[in-house]
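Descriptive analysis of the structure
These are the residues of each chain, in order.
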Amino acid sequence: SDSGEAEPYVVRISDMWQDTREDQMKFRGTWLWRRSDLATEPTPPLEATELLLSDWSDDNPVESVLGRILVLFADMPPPDARSKGGVLVGSLRCHHFCTRFYQVKQRRIKPLSGVKLAP
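A short tour of the structure in this document, coming up.

Scanning all chains against the criterion turns up 7 salt bridges. With a closest N to O distance of 3.9 Å, Arg21 and Asp19 form a salt bridge. Note on Asp19: relative accessible area 7%, which makes it buried. One continuous salt-bridge network, built from bridges that share partners, spans Asp19, Arg21, Glu22 and Lys26.

And the structure:
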């Protein structure tokens, strides 16, 4: 962000449960990466509101969730992809969009189409 603060991490939550051993609610999620999270700029470069869905998932306490945002998952970037204010889908404004998949350990980016998204 412009204030110098790091932006919160973005995760796509796939499951939530009560961990009885630790007596806390937990979630399993798959992480989305920003341009600033990558070692090098991908080709083509990421737009300001574009995120990469990754193959990195883990379990975390529910208390670590700061809020909810809307992410558009699509095969192609939306027409207003260059907008820093998010993308408009009908009358709904999404904070971010995602059209690519990031394989973390291989540092490889591929199109999101063909990647099976968990519900």
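Right, let's talk about the packing of aromatic side chains for a bit. Enumeration over the complete set of coordinates arrives at 2 aromatic pairs. Look at Tyr9 and Trp31: their rings are 6.3 Å apart centre to centre, the planes differ by 85 degrees, and that puts the pair in the edge-to-face class. One end of the pair, Tyr9, is in the segment before strand 1 (10-19); the other, Trp31, is in strand 2 (residues 24-33), with 22 residues separating them in the sequence. Ring plane angle 65 degrees and centroid distance 5.1 Å describe the contact between Trp33 and Tyr102, whose orientation is recorded as edge-to-face. On the criterion of sequence distance, the pair formed by Trp33 in strand 2 and Tyr102 in strand 7 (residues 96-103) is long-range, its members being 69 residues apart.

The next point concerns the pairing of strand 7. Of all the 8 residues making up strand 7, 8 are buried; the element is thus mostly covered by neighbouring parts of the structure. The pairing of strand 3 (residues 50-61) with strand 7 spans 4 bridges and is classified as parallel. By the bridge assignment, Leu52 is partnered in strand 7 with Arg100. In terms of strand pairing, strand 4 (residues 71-73) meets strand 7 through 3 bridges, oriented parallel. Looking at strand 7, one finds that Val71 is bridged to His96.

Each value, and the rule that gives it
Every chain is numbered on its own, with residues counted from 1 as its sequence reads. In view of the model being predicted, local features appear only for residues whose pLDDT reaches at least 70, and side-chain atom pairs are presented and counted only at 80 or more, with totals across whole chains, interfaces and linings using the full set of residues. Side-chain metrics in this entry use all non-hydrogen atoms of the structure; hydrogen atoms and water are not considered. Salt bridge, as used here: a side-chain nitrogen of Lys or Arg that lies within 4 Å of a carboxyl oxygen of Asp or Glu. Classification of residues uses two cut-offs on accessible area relative to the type maximum, computed with a 1.4 Å probe and protein chains only: under 20% is buried, over 50% is exposed, and between them is partly exposed. Pairing of aromatic rings covers Phe, Tyr and Trp, the last through its six-membered ring, and needs centres within 6.5 Å; plane angles under 30 degrees mean stacked, over 60 mean edge-to-face, and all others mean tilted. Here a strand is any run of E in DSSP of at least two residues, a helix any run of H or I of at least four, and the numbering for each starts at the N terminus. Strand pairing is assigned whenever DSSP identifies at least 2 bridges connecting the two strands.

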